[in-house]
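In case you want the letters, here they are:
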Amino acid sequence: MAENKSTVKEYTLSVDEFNRPKEFTDLDALAVLIIRLFLLKPGTLTNNPECGIGLYENYSHITEDDLGEFNEVASDQLTRYIGNRVQYIECNAAFIPGDRHTLIINVNLQKQKLSFAFDKANLTLSYIKDN
């Protein structure tokens, strides 16, 4: 009997070589969902105005002193809106030592860890994929 394994899927607006929406699965799909949550400005979704962290609007000037609040807000948002896909979520962000412009955001999901880099100077958020 084949094992029924649940797969998380997410699609983007870009297309693949067959002109179909680009598809992400499993951890990559969760990374897409997490990036969307980090970038979503609270109040944007009229049916769910609390949803979103608003990384660019609310944390573009984040400092070491703000990290506790940021980790708490991010962990709460991730648990609330991604928590139906995984049981345990925790966010732990810290600046790269000696670099006050690059924030490394580690999201712990059960036994997996996803990492993201937020460059405050250029306002970019990138998924750091382990290969």
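Refer to the structure above for everything that follows.
Computed from a predicted structure; not experimentally measured. (Residues numbered from 1 in each chain as written. Predicted model: local features only at pLDDT ≥ 70, side-chain atom pairs only at ≥ 80, totals over all residues. Heavy atoms only, no water.)

### With respect to the environment of Thr63
Next up, step 1: Here Thr63 lies in the loop between α2 (55–59) and α3 (67–82).
Next up, step 2: With 31 residues separating them in the primary sequence, Thr63 and Ala94 have C-alpha atoms 9.6 Å apart. (Helix = DSSP H or I, 4+ residues; strand = E, 2+ residues; numbered from the N terminus.)

### Topic: the pattern of salt bridges
Next up, step 1: Counting across every chain of the model gives two salt bridges.
Next up, step 2: Taking the shortest distance from any N to any O, the salt bridge between Lys129 and Asp28 comes out at 2.8 Å. Highlighted residues: Lys129 in the segment after β6 (124–128) and Asp28 in helix α1 (residues 26–39), separated in sequence by 101 residues.
Next up, step 3: We classify Lys129 as partly exposed; its relative accessible area is 44%.
Next up, step 4: Arg80 serves as the salt-bridge partner of Asp76, at 3.3 Å between the closest nitrogen and oxygen. Of the two residues, Asp76 and Arg80 are both situated in helix α3; the distance of four residues between them amounts to about one turn of the helix. (Salt bridge = Lys/Arg side-chain N within 4 Å of Asp/Glu carboxyl O. Buried < 20%, exposed > 50% of the residue type's maximum accessible area, 1.4 Å probe, protein only.)

### Notes on unusual backbone geometry
Next up, step 1: Of note in this structure, Asn19 is not a glycine but carries a positive phi near 65 degrees.
Next up, step 2: Within the secondary structure layout, Asn19 lies in the loop between β1 (9–15) and β2 (21–25).
Next up, step 3: For Asn19, a relative accessible area of 61% corresponds to the exposed category.

### Some thoughts on α3
Given 3.6 residues to a turn, an α-helix orients residues that are three or four positions apart in the same direction.
Next up, step 1: The end-to-end C-alpha distance of α3 is 21 Å, a good match for the 22 Å that 16 residues give at a rise of 1.5 Å each.
Next up, step 2: Restricting attention to buried positions, one finds in α3 the residues Leu67, Phe70, Asn71, Ala74, Ser75, Gln77, Leu78, Tyr81 and Ile82.
Next up, step 3: Looking at the packing, one finds that the buried side of α3 touches α1, α2, β3 (89–95) and β4 (102–109). (Expected span 1.5 Å × (residues − 1). Contact = heavy atoms within 4.5 Å.)

### Brief notes about the packing of α1 against α3
Next up, step 1: Across the interface, α1 lies against α3 with an axial gap of 11 Å and an inter-helix angle of 125 degrees. Considering the angle they form, α1 stands oblique to α3. In the packing of α1 onto α3, the handedness of the crossing is right-handed. Between α1 and α3, the contacting residues are Leu30, Leu33, Ile34, Leu37 and Phe38 on the first element and Phe70, Ala74, Gln77, Leu78, Tyr81 and Ile82 on the second.
Next up, step 2: Residue classes in the contact of α1 with α3 are distributed as 10 nonpolar, one polar and no charged. (Axes fitted to C-alpha atoms, helices over the stretch in contact; angles between N-to-C directions. Parallel < 35°, antiparallel > 145°, perpendicular 65-115°, else oblique. Left-handed = near helix turned anticlockwise from the far one by under 90°. Nonpolar A, V, L, I, M, F, W, Y, C, P; charged D, E, K, R; others polar.)

### Details of the sheet that holds strand β5 (residues 112–119)
Next up, step 1: Judged by pairing direction, the sheet is antiparallel, and its four strands sit side by side in the order β3-β4-β5-β6 without closing on themselves. Whereas interior strands pair on both sides, the edge strands pair on one side only; in this sheet they are β3 and β6. Across the sheet, the axes of successive neighbouring strands diverge by a mean angle of 20 degrees, strand direction being ignored.
Next up, step 2: Where β3 and β4 come together, seven bridges link them in antiparallel fashion. Looking at the pairing, Glu90 lines up with Asn108 of β4. (Pairing = 2+ DSSP bridges.)

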